[in-house]
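Geometric and topological summary
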Amino acid sequence: MKHPFYLLSAVVILISCSDEPAKKNEELSAKKEIQYNKNLLDSVRAAVSANSGEMPTSIGYIKYAESIRKWSDLVEGGLNETARMARTAFQVRYPDGWIMIDAGMDRAIHKFFERNGPQPFDSTKADSVRLAVDGAKLIVVTHEHGDHVGGAIYTNNEAVPKKTILTRDQVNSLINKPQMPEIGLTEEKSNKYVIADFADFHPVAPGIVLIKAPGHTKGEIMIYVKLQNGKEYLFVGDVTCTYQGAAEKKQKPASERSRLGEDSTTIAHQLNWINDLMTNEKVMIIASHDDIMVPKFADSGLIERGFVTKPK
């Protein structure tokens, strides 16, 4: 990984930092409805080799904060019992560097999620996420909410925007309707980022493919990762908050979907596809806020706790 943008060389036609080409691509993308089916999976699997280079070797994760909720807040039909909603970031490791999936947040942004009282926040782990973001070769975010994109927007490190891929839909949200002031972008500031426009999926590095998944937000994406050992992972962001939601094909409760402005029809298609991948294709499903199965994946060695600070 000699240069943070070497990953984009094979797909540069899909990348634009100028407004006019991006608008044209956006119009084309809007006309194509994504079909979440076996053909999409086959195409994504083939795309992992679109960029030359070594495949990733492992995945690390850190939970740096959480929100205390009820299961009835996270999944339709959930019990009125306490649930912990993890705030996480992930590090996809290569022999000579790493790519970040989501960028964490600092305590200032965390306060937005404390509207109903103080919530756990680990400053040491949040600093570890920040250092990993600063040292990453590339950064991708599942969607444009503060706990996922905050560390790539609310930062004093001028190098971070240059190696952060945002989709055009994510940028539009961050300019026109940011979740909080700290992650707001202007048109001028957005030009510092690598802006990707694509209709359905988009390979960005050996073993990593972005998949459009609007529904939770307009800019939501899922991220497919394949390691050198052949294991496959799908990071589903907030399509579902929990592994349970994917396993049972259950969305968030109606009240939460309404509050967030989610597209329930589209998310239903996505959940059906995710469930098929985990059931029949043996793809590991990683939900960003899951605090039950993600730790179990770490216990079993499928992912690793903590981040590396230098290439192995």
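In the block above lies the structure referred to throughout.
Here the structure is a predicted model, which means the values were calculated and not measured. (Residues numbered from 1 in each chain as written. Predicted model: local features only at pLDDT ≥ 70, side-chain atom pairs only at ≥ 80, totals over all residues. Heavy atoms only, no water.)

Considering the sheet that holds strand β3 (residues 97–101)
- Spatial ordering of the open sheet is given by β6-β5-β4-β3-β2-β1-β12, a layout of seven strands whose pairing is mixed. Every other strand in the sheet has two partners, leaving β6 (194–196) and β12 (304–305) as the edge strands with one partner each.
- Relative to β12, strand β1 (residues 58–70) runs parallel, the two being bridged by two bridges. Pairing of Tyr61 across the sheet is with Arg305, part of β12.
- Where helix α5 (residues 123–135) meets the sheet, its contacts fall on β1, β2 (82–94), β3 and β4 (138–140), and the angle it forms with β1 comes to roughly 140 degrees. (Pairing = 2+ DSSP bridges. Helix = DSSP H or I, 4+ residues; strand = E, 2+ residues; numbered from the N terminus. Contact = heavy atoms within 4.5 Å. Axes fitted to C-alpha atoms, helices over the stretch in contact; angles between N-to-C directions.)

Some words on the nonpolar core
- In terms of nonpolar packing, the biggest core is built from 33 residues, with Tyr64, Met100, Ile153 and Leu166 touching the most fellow members.
- For this core, the elements supplying multiple residues, two or more each, are β1, β3, α5, α6 (146–153) and α8 (168–176).
- It is α5 that contributes the most residues to this core, four residues altogether.
- Those residues in contact with Ile153 that sit more than four places away from it in its chain are Leu166, Leu174, Glu182, Ile183, Gly184, Leu185, Lys189 and Tyr193.
- Core analysis: the second largest hydrophobic core is formed by 29 residues, Ile221, Leu227, Ile286 and Phe297 among them. (Core = buried A, V, L, I, M, F, W, Y, C linked by side-chain atoms within 4.5 Å. Buried < 20%, exposed > 50% of the residue type's maximum accessible area, 1.4 Å probe, protein only.)

Any link to function would need more than the numbers given here.
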